[in-house]
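Single-letter residue listing:
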Amino acid sequence: MTGQTAPAQPGASISVDVPAKINPHLGVGDARADGYHALSTVYQAISLHDTVTAERRGEPGIEITISGEGAGTLPTGEANLAHKAAKLIALYAGIEPDVKLHLNKRIPVAGGLAGGSADAAGALIACARLWEVEIGDAELERLAAGLGSDVPFCLKGGTAIGSGRGEKLTPVDAKGTWHWVVATTDTQISTPECYKEVDRLREDGIGRYSSDVAPLVRAFESGASADDLARLLINDMEAAAVSLRPQLASLMHGGLEEGALAAHVSGSGPTVLFLATDVKHAVALARRIRMRGGAKSVHLAHGPVNGPAA
């Protein structure tokens, strides 16, 4: 297994840091027979991360506690994707799960940054190490794909092309670092809700499938400047997100007026990413966006970063 460490001793715990993801390109095709939409996307892991810690409970069962983002509101039972991940790795190993998972969350919740998928990826890795499960990378990725479209990438990190429903990955050798201001809002958008709005808008002739990721991939591989990258950002879900939550338009326009090179809805939203020239520009831009108001929280992030680390 990638990043394998020494097996956990009785009473020991395993902690795994898992980064958030963004989609600098998100092309959404038509709905497939299985209900999923065909995707043509480019993932990139950024420096916002959650930490998943696994330790033995001393009795059968899966217990989840949460601190940070979403504490007190996120489910801690079977509805939590990390719970599903722990159960799945135990089923694969043919063992009775006995684990306490603590999620220290820094990734904004329900913001299009794959925080839940990151926690699931972290739980897969942490539980496999805790229970000394012998599992190869390919099999771990297969389990991840069964949990959700973003979970396989959350295992990998870096930069990658995603196809199928997003779970089929092709690594991209990105040569450079790009800086973002990540602005969250008080509202939420469920991913199914946003896909449904994409379909509705297309029935009205609004929007099309942006399937060609090649220009953006070339930009990453060549270490393109932030100015060049700004012209290549695409999100087919952006119009749907703004249609569902019109206040996003005001936040996006405000960031552009404050000097962002680009404003880009993250995934299905409602988090907005503002591209900066460099870290100095990002710090100044974040300050201006905070002072302007309209965002619930404002974070600095850069990417790409590596995948889960223990």
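Presented here is an overview of the structure given in this document.

Each value, and the rule that gives it
Residues numbered from 1 in each chain as written. Predicted model: local features only at pLDDT ≥ 70, side-chain atom pairs only at ≥ 80, totals over all residues. Heavy atoms only, no water. Axes fitted to C-alpha atoms, helices over the stretch in contact; angles between N-to-C directions. Helix = DSSP H or I, 4+ residues; strand = E, 2+ residues; numbered from the N terminus. Parallel < 35°, antiparallel > 145°, perpendicular 65-115°, else oblique. Left-handed = near helix turned anticlockwise from the far one by under 90°. Contact = heavy atoms within 4.5 Å. Nonpolar A, V, L, I, M, F, W, Y, C, P; charged D, E, K, R; others polar. Disulfide = S-S within 2.5 Å. Buried < 20%, exposed > 50% of the residue type's maximum accessible area, 1.4 Å probe, protein only. Pairing = 2+ DSSP bridges. Salt bridge = Lys/Arg side-chain N within 4 Å of Asp/Glu carboxyl O.

**Some words on the packing of helix α1 (residues 81-93) against helix α2 (residues 115-130)**
If you want to describe how two helices pack, look at the angle between their axes and the distance between the axes.
So, point 1. One can describe the packing of α1 onto α2 by two numbers: an axis separation of 8 Å at closest approach and a directional angle of 30°. Between α1 and α2, the angle is such that the two are roughly parallel. In the crossing of α1 with α2, the sense of the turn from one axis to the other is right-handed. Contact residues: Leu-81, Ala-82, Ala-85, Ala-86 and Ile-89 in α1; Gly-116, Ser-117, Asp-119, Ala-120, Ala-123, Leu-124, Cys-127 and Ala-128 in α2.
So, point 2. The class makeup of the residues in the contact of α1 with α2 is ten nonpolar, two polar and one charged.

**Observations concerning the state of the cysteines**
So, point 1. Using the criterion set out here, one finds zero disulfides in the structure.
So, point 2. Cys-154 takes part in no disulfide bond, and the closest cysteine sulfur to it belongs to Cys-127, at a distance of 16 Å.

**Some details on the environment of Pro-171**
So, point 1. Looking at the secondary structure, you find Pro-171 in strand β6 (residues 168-171).
So, point 2. Overall, the relative accessible area of 70% leaves Pro-171 in the exposed class.
So, point 3. Along the backbone, Pro-171 and Gly-205 are 34 residues apart, and their C-alpha atoms lie at a distance of 34 Å.
So, point 4. Not counting the four nearest positions on each side in its chain, Pro-171 is found in contact with Thr-159 and Ala-160.

**Observations concerning the packing of α2 against helix α3 (residues 137-147)**
So, point 1. Where α2 contacts α3, the two axes come as close as 11 Å, and the packing angle between them is 145°. Of the two elements, α2 crosses α3, and the hand of that crossing is right-handed. Mapping the contact onto sequence places Ala-120, Leu-124 and Ile-125 in α2 and Leu-140, Ala-144 and Leu-147 in α3.
So, point 2. Across the contact of α2 with α3, the residue classes break down as six nonpolar, no polar and no charged.

**Some points on the sheet that holds strand β7 (residues 178-184)**
So, point 1. One open sheet holds the four strands; their spatial order is β9-β10-β7-β11, and the pairing between them is antiparallel. Only two strands of the sheet have a single neighbouring strand rather than two, namely β9 (262-265) and β11 (297-303). When the angles between neighbouring strand axes are averaged without regard to direction, this sheet yields 30°.
So, point 2. Relative to β11, β7 runs antiparallel, the two being bridged by seven bridges.

**What to know about the pattern of salt bridges**
Think of it this way: side chains of opposite charge can pair up when their charged atoms draw near.
So, point 1. The full count for this structure, using the stated rule, is 18 salt bridges.
So, point 2. Across the pair Asp-50 and Lys-105 runs a salt bridge whose closest N-O atoms are separated by 2.5 Å. With Asp-50 in strand β2 (residues 37-56) and Lys-105 in strand β4 (residues 98-105), the pair connects residues that are 55 residues apart, well separated along the chain.
So, point 3. On the accessibility criterion, Asp-50 (0% relative accessible area) is buried.
So, point 4. Given a relative accessible area of 5%, Lys-105 falls into the buried group.
So, point 5. In this structure, Glu-257 and Arg-292 form a salt bridge, with 2.5 Å as the shortest nitrogen-oxygen distance. Note that Glu-257 is positioned in helix α9 (residues 247-257) and Arg-292 in helix α10 (residues 279-292), a separation of 35 residues in sequence.
So, point 6. Residue Glu-257 is classed as exposed on the basis of its relative accessible area of 59%.

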